[in-house]
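Spelled out from the first residue to the last, the chains are:
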Amino acid sequence: QVQLVESGGGLVQAGGSLRLSCAASGRTFSMYNMGWFRQAPGKEREIVAAISWNGDNTYYADSVKGRFTISRDNAKSTVYLQMNSLKLEDTAIYYCAAPRKPYGLQPPTEYDYWGQGTQLTVAS
């Protein structure tokens, strides 16, 4: 059974930094792309960043480009989201997610496994 466990959320001042982690278990981590999504109050969940199974390719939403960095350590079965220059509008619950299928390229709608989420609050 695939399990994704996020950690690292919290309260941070605008302009600050924070790193989220997501530990995966239940299958061979290095075979699967990984993604970070977020959902702000009253808004739909959106993809923030994604990384290919081998780390060679990344995707970022326009709203976080240049500020957030996704990375992974396949030896530790962990994916990270380094968030810098945080803004008030980054406040949301952040979810780690993974697709059911290995390798390839999956759209956000095909991310079937989800963590429980971790809250990020950016204060002024």
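Owing to the predicted nature of the structure, the values given are computational and were not obtained by experimental measurement. (Residues numbered from 1 in each chain as written. Predicted model: local features only at pLDDT ≥ 70, side-chain atom pairs only at ≥ 80, totals over all residues. Heavy atoms only, no water.)

## Some remarks on the layout of surface pockets
The line we're drawing: We place a 1 Å grid over just the protein atoms. Points where a 1.4 Å probe fits but has no way out form a cavity, open points with protein on both sides within 12 Å along at least 5 of 7 lines form a pocket, and any residue with an atom within 4 Å of a point lines it. Grid points are joined across faces, edges and corners, and a volume is the space filled by probe spheres set on the points. Helix numbers and strand numbers start at the N terminus; a helix is a DSSP run of H or I with at least 4 residues, a strand a run of E with at least 2. Each residue gets one label: Ala, Val, Leu, Ile, Met, Phe, Trp, Tyr, Cys and Pro are nonpolar, Asp, Glu, Lys and Arg are charged, and the others, such as Gly, are polar.
Empty space within the largest pocket amounts to approximately 230 Å³. A50, Y59, L105, Q106 and Y111 are the residues nearest the centre of the largest pocket, which is lined by 14 residues in total. Elements with a minimum of two residues in the lining of the largest pocket: β5 (46–51) and β6 (58–60). No other element matches the three residues that β5 contributes to the lining of the largest pocket. Residue composition of the lining of the largest pocket, by class: eight nonpolar, six polar and no charged. In terms of lining, the second largest pocket is formed by 14 residues, of which the most central are R38, A40, K43, E46 and E89. In terms of residue class, the lining of the second largest pocket is built from three nonpolar, three polar and eight charged.

## As for the nonpolar core
For clarity, the cut-off: Within this scheme, the nonpolar core is defined by two criteria: the residues are buried Ala, Val, Leu, Ile, Met, Phe, Trp, Tyr or Cys, and they are joined through side-chain atoms within 4.5 Å. A simple rule labels every residue: compare its accessible area, found with a 1.4 Å probe on the protein chains alone, to the largest value its type can have, and call it buried under 20%, exposed over 50%, or partly exposed in between.
Ranked by size, the top nonpolar core spans 28 residues in total, and within it M34, W36, V79, L81 and Y94 carry the most contacts. Looking at this core, the elements that each hand over two or more residues are β3 (18–25), β4 (34–39), β5, β7 (68–73), β8 (78–83), β9 (92–99) and β11 (118–123). With four residues, β9 is the single largest residue contributor to this core. The next biggest cluster of nonpolar side chains, apart from the first, holds five residues, and it includes F37, I47, A50 and Y111.

## Overview of the side chain of E6
Our working definition: When charges are counted, Lys and Arg contribute as positive and Asp and Glu as negative, whereas His and the chain ends are disregarded. Counted as salt bridges are all cases of a side-chain nitrogen of Lys or Arg within 4 Å of a carboxyl oxygen of Asp or Glu. Distance and chemistry together define a polar contact, namely a pair of N or O atoms within 3.5 Å, with one atom able to donate a hydrogen and the other to accept it when in protein, and with adjacent residues in sequence counting only for side-chain atoms on both sides. Between two residues, a contact is recorded if the distance between any of their heavy atoms is within 4.5 Å.
Position of E6 among the secondary structure elements: in strand β1 (residues 3–7). It is R45 that comes nearest to the buried, bridge-free E6 among opposite-charge side chains, at 8.4 Å. A distance of 3.0 Å separates the side chain of E6 from the backbone nitrogen of Q116, its partner in a polar contact. At 2.9 Å, the side chain of E6 and the backbone nitrogen of G117 are in polar contact. Dropping the residues within four chain positions of it, E6 is found in contact with S21, C22, W36, Y94, Y95, C96, G115, Q116, G117 and T118.

## A short note on the side chain of N33
With respect to the secondary-structure elements, N33 resides in the loop between β3 and β4. There is a polar contact of 2.8 Å between the side chain of N33 and the backbone nitrogen of W53. Separated by 3.1 Å, the side chain of N33 and the backbone oxygen of G104 make a polar contact. Apart from the residues within four sequence positions on either side, N33 is in contact with I51, S52, W53, R72, A98, P99, Y103, G104, L105, Q106 and Y111.

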